[in-house]
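Listed below, chain by chain, are the residues.
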Amino acid sequence: MSRRVMVVDDSRLVRVQLEDALKGTDYEVTAYCRSGEEAIEQYAAAAPDLVTMDIIMQGMDGLDAAEAILKDHPDARIVMVSSLAYDDTFERAKAIGARGFVDKPFHREQLLKVFGEALS
């Protein structure tokens, strides 16, 4: 049985890159949202095992979206995937309950390691 992944990123390229990186693994991209607002709306219906969340997006940013999802779904497993790798960003992501952080551009091994840690 594969793990359902919701990708939240305003770049379709990142979605394709994630799908490619996850081919042949136990993970499958089953939902895609282009904004934080859309992710909040779709989370319950998508019922993902894991969410990858970009930080910089139009409208609500990924940190605020993650915080809102975790408020309503405290068991949500959210991994931040961003090129915005600053200490204060890591700290805020951790403080709101994100389970991990993957730097863009990402590598398959890094993704799988962080996904595994987030789900353990």
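An account of the accompanying structure is given in this report.

Parameters at a glance
- Residues numbered from 1 in each chain as written.
- Predicted model: local features only at pLDDT ≥ 70, side-chain atom pairs only at ≥ 80, totals over all residues.
- Heavy atoms only, no water.
- Helix = DSSP H or I, 4+ residues; strand = E, 2+ residues; numbered from the N terminus.
- Expected span 1.5 Å × (residues − 1).
- Buried < 20%, exposed > 50% of the residue type's maximum accessible area, 1.4 Å probe, protein only.
- Arc of directions from axis to C-beta.
- Contact = heavy atoms within 4.5 Å.
- Salt bridge = Lys/Arg side-chain N within 4 Å of Asp/Glu carboxyl O.
- Core = buried A, V, L, I, M, F, W, Y, C linked by side-chain atoms within 4.5 Å.

### Section: helix α5 (residues 108–119)
Relative to the 16 Å expected for 12 residues at 1.5 Å per residue, α5 spans 16 Å between its end C-alpha atoms, a close match to the ideal helical length. Considered for burial, the residues of α5 that qualify are Leu111, Val114, Phe115, Ala118 and Leu119. In a view along the axis of α5, the buried residues occupy a sector of 130°, so they form one face of it. The exposed set on the far side of α5, more than 90 degrees from its buried face, consists of Glu109 and Lys113. Residues of α5 that are buried in the fold lie against β1 (3–8), α1 (12–22), β2 (27–33), β3 (50–53), β4 (78–82) and β5 (100–103).

### Some words on the pattern of salt bridges
Opposite charge on two side chains permits them to pair, given that their charged atoms come into close proximity. Taken as a whole and assessed by the stated rule, the structure comprises eight salt bridges. The closest approach of N and O atoms between Glu19 and Arg15, which form a salt bridge, is 3.1 Å. Highlighted residues: Glu19 and Arg15, both in helix α1, separated by four residues, approximately one helical turn. Residue Arg15 is classed as partly exposed on the basis of its relative accessible area, which comes to 28%. A salt bridge links Lys23 to Asp20, with the shortest nitrogen-to-oxygen separation between them at 3.2 Å.

### Remarks on the nonpolar core
Core analysis: the biggest nonpolar cluster contains 22 residues, and Val8, Met53, Ile78 and Met80 have the highest contact counts within it. At the level of elements, β1, β2, α2 (36–46), β3, α3 (62–72), β4 and α4 (87–96) are the ones that each hand at least two residues to this core. For this core, the leading source of residues is α3, giving five residues. The next biggest cluster of nonpolar side chains, apart from the first, holds 19 residues, and it includes Val14, Leu18, Val29 and Ala118.

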